[in-house]
Amino acid sequence: CQSSNEARFDVGSWHAIFFAACHRAEGELHALSNALDLLQLLHSISSKVPVWICTFGANSVRTDCLVVSAHAGLLGLARVAQQELPPVPVWLLDVDDVAF
């Protein structure tokens, strides 16, 4: 038996899902909630569609860039999903201010 969300979410022809977080801190909890919902749904329907979670400046290695700690939750969620939901391929992409 499928829930209404599962029935409406057909990923059969999708090649990947790109989840991009807003670079402003005020949208972080909403983005984190949506990312969690997406990963749970993909796991519940046994989807193998890769999910790319894109953050902005959350994992900076350059000393001249600010770290956007608001995206730390998304990085943590993605890393936990990689460990706990191995059937769902989750990839991380963190861009810095040079990309914008």
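Residues numbered from 1 in each chain as written. Predicted model: local features only at pLDDT ≥ 70, side-chain atom pairs only at ≥ 80, totals over all residues. Heavy atoms only, no water.

Chemist: Looking at this structure, how should I read the packing of aromatic side chains?
Modeler: In this description, an aromatic ring pair is defined by two values, namely the gap between the centres and the angle between the planes. Applying the stated criterion across every chain, the model contains one aromatic pair. Plain terms: the ring middles of Trp52 and Trp91 are 5.8 Å apart, the flat faces sit at 25° to each other, and that makes the pair stacked. Pair noted here: Trp52 is in strand S2 (residues 51–56) and Trp91 is in strand S3 (residues 90–95), with a separation of 39 residues, a long-range link. (Phe/Tyr/Trp six-rings, centres within 6.5 Å; stacked < 30°, edge-to-face > 60°. Helix = DSSP H or I, 4+ residues; strand = E, 2+ residues; numbered from the N terminus.)

Chemist: What should I look at first to understand the environment of Leu42 in this one?
Modeler: Within the secondary structure, Leu42 sits in helix H2 (residues 28–44). The exposure class of Leu42 is buried, given its relative accessible area of 0%. In sequence terms Leu42 and Pro87 are 45 residues apart; their C-alpha atoms lie 9.3 Å from each other. (Buried < 20%, exposed > 50% of the residue type's maximum accessible area, 1.4 Å probe, protein only.)

Chemist: Would you take a moment to explain the environment of Ala21 for this structure?
Modeler: Mapped onto the fold, Ala21 is located in the loop between strand S1 (17–20) and H2. As for Ala21 and Ala31, which are separated by 10 residues in sequence, their C-alpha atoms are 6.1 Å apart. Sequence-distant contacts of Ala21, defined by excluding residues within four places in its chain, comprise Ala31, Cys54, His71 and Leu74. (Contact = heavy atoms within 4.5 Å.)

Chemist: What should I look at first to understand the sheet that holds S3 in this one?
Modeler: Across a sheet, paired strands are connected by hydrogen bonds in the backbone, their directions being either parallel or antiparallel. Judged by pairing direction, the sheet is parallel, and its three strands sit side by side in the order S1-S2-S3 without closing on themselves. The strands lining the two open edges of the sheet, one partner per strand, are S1 and S3. Direction aside, neighbouring strands of the sheet carry axes that sit 20° apart on average. Examined bridge by bridge, S1 and S2 share four bridges and lie parallel to one another. Directly across from Phe18, in S2, lies its bridge partner Trp52. (Pairing = 2+ DSSP bridges. Axes fitted to C-alpha atoms, helices over the stretch in contact; angles between N-to-C directions.)

Chemist: It is not clear to me how H2 should be interpreted in this structure. Could you clarify?
Modeler: In an α-helix, one turn spans 3.6 residues; hence positions three or four apart end up facing the same way. If you check H2, its first and last C-alpha atoms are 24 Å apart, about what 17 residues at 1.5 Å a residue would give, namely 24 Å. Regarding H2, the residues found buried are Glu28, Ala31, Ala35, Leu38, Leu39, Leu41 and Leu42. End-on, the buried residues of H2 take up no more than an arc of 165°, which puts them together on one face. The exposed set on the far side of H2, more than 90 degrees from its buried face, consists of Leu29 and His30. (Expected span 1.5 Å × (residues − 1). Arc of directions from axis to C-beta.)

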